[in-house]
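One-letter residues, chain by chain:
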Amino acid sequence: PIMTVMVDSSSMREEEYPVLVSDLMESGAWKIIDRRKGFQATLGEQDRLHGNDRARYEDREKLARWGKLHGAGGVIVASQACRQRSTRSFNGLVILICRQTLAVVDTSTSQVIASVSNDIENDPGDRSFGFSWADTVDKLNRAYPKTLEKEDEERLSKHKDGIEKEVTEQEAKRSPAQ
């Protein structure tokens, strides 16, 4: 799959976001639009204005609408829940088992296109920060429906044709009549 997506940064801890984005990009299957700071600012402003309004949009729906506005075909929603394993390693370091979950939500239909979970265990001797999402991203790439790849190409082609037609029409309106 090659799809332009936004990653819902509100669905994970701040330090996990760059690791996930990096693993998505390294897989070669995703193009990332990063508007998280603007989205977080928008959410803050809307909370101040409409904090008590029961009819307001959910954050996920706002992100899908914003993703569509910026040309993203989908929004990736991620979560990671960890627990301590009952045993410790030989040197006393804690062993964590984490379940990573990724879902791709279509910005046009709000349908979940693909969703996967993956259990990982930390290496207590590894001093690097955080967990890699590479295996979970690979699982997501394999779970992405092959039929949608063709639909995405067709939708992108139609969108591109429509933009080219609009640009030609605008240029014709701006050129002086001869």
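First, a word on scope: everything that follows refers to the structure included in this document. (Residues numbered from 1 in each chain as written. Predicted model: local features only at pLDDT ≥ 70, side-chain atom pairs only at ≥ 80, totals over all residues. Heavy atoms only, no water.)

**Topic: the packing of aromatic side chains**
Taken as a whole and assessed by the stated rule, the structure comprises 1 aromatic pair. Considering the side-chain rings of Trp30 and Tyr144, the 5.7 Å spacing of their centres and the 85° angle between planes classify their relative orientation as edge-to-face. With a gap of 114 residues between them, Trp30 in strand β2 (residues 30-32) and Tyr144 in the loop between α4 (134-143) and α5 (146-174) connect regions that are remote in the sequence. Like Tyr144, Trp30 is buried. (Phe/Tyr/Trp six-rings, centres within 6.5 Å; stacked < 30°, edge-to-face > 60°. Helix = DSSP H or I, 4+ residues; strand = E, 2+ residues; numbered from the N terminus. Buried < 20%, exposed > 50% of the residue type's maximum accessible area, 1.4 Å probe, protein only.)

**Let's talk about helix α1 (residues 17-26)**
Looking only at α1, the buried set comprises Tyr17, Leu20, Val21, Asp23 and Leu24. The buried residues of α1 all sit within an arc of 165° when viewed along its axis, so they share a single face. With its phi angle positive at about 80°, Gly28 sits one or two positions after the end of α1. (Arc of directions from axis to C-beta.)

**Some details on unusual backbone geometry**
Backbone geometry follows two general trends: most residues other than glycine have a negative phi, and most peptide bonds adopt the trans configuration. Notably, Ser110 is not glycine yet its phi reads approximately 65°, a positive angle. Following the sequence through the fold, Ser110 ends up in the loop between β4 (94-106) and β5 (112-121).

**Digging into the state of the cysteines**
A covalent bond bridging the sulfur atoms of two cysteines is what the word disulfide describes. Across all of its chains, the model carries 1 disulfide by this definition. Each sulfur of the disulfide joining Cys82 and Cys98 lies 1.9 Å from the other. In this structure the cystine formed by Cys82 and Cys98 twists about its S-S bond by roughly 110°; its chirality is therefore right-handed. With Cys82 in strand β3 (residues 74-88) and Cys98 in strand β4, this pair connects stretches of sequence that are 16 residues apart. Judged by its relative accessible area of 0%, Cys98 falls in the buried class. (Disulfide = S-S within 2.5 Å.)

**Points about the pattern of salt bridges**
Counted by the stated rule, this structure contains 4 salt bridges. Across the pair Glu16 and Arg13 runs a salt bridge whose closest N-O atoms are separated by 3.2 Å. Note that Asp138 is salt-bridged to Arg142, the shortest N-O span being 3.0 Å. Here Asp138 pairs with Arg142, and both are found in helix α4, just 4 residues apart, close to one helical turn. (Salt bridge = Lys/Arg side-chain N within 4 Å of Asp/Glu carboxyl O.)

**A closer look at the environment of Val19**
Relative to the helices and strands, Val19 resides in helix α1. A relative accessible area of 24% places Val19 in the partly exposed class. Along the chain, Val19 and Ser132 lie 113 residues apart, while their C-alpha atoms are 6.6 Å from each other. If we skip the residues at most four places from it in the chain, Val19 touches Phe131, Ser132 and Trp133. (Contact = heavy atoms within 4.5 Å.)

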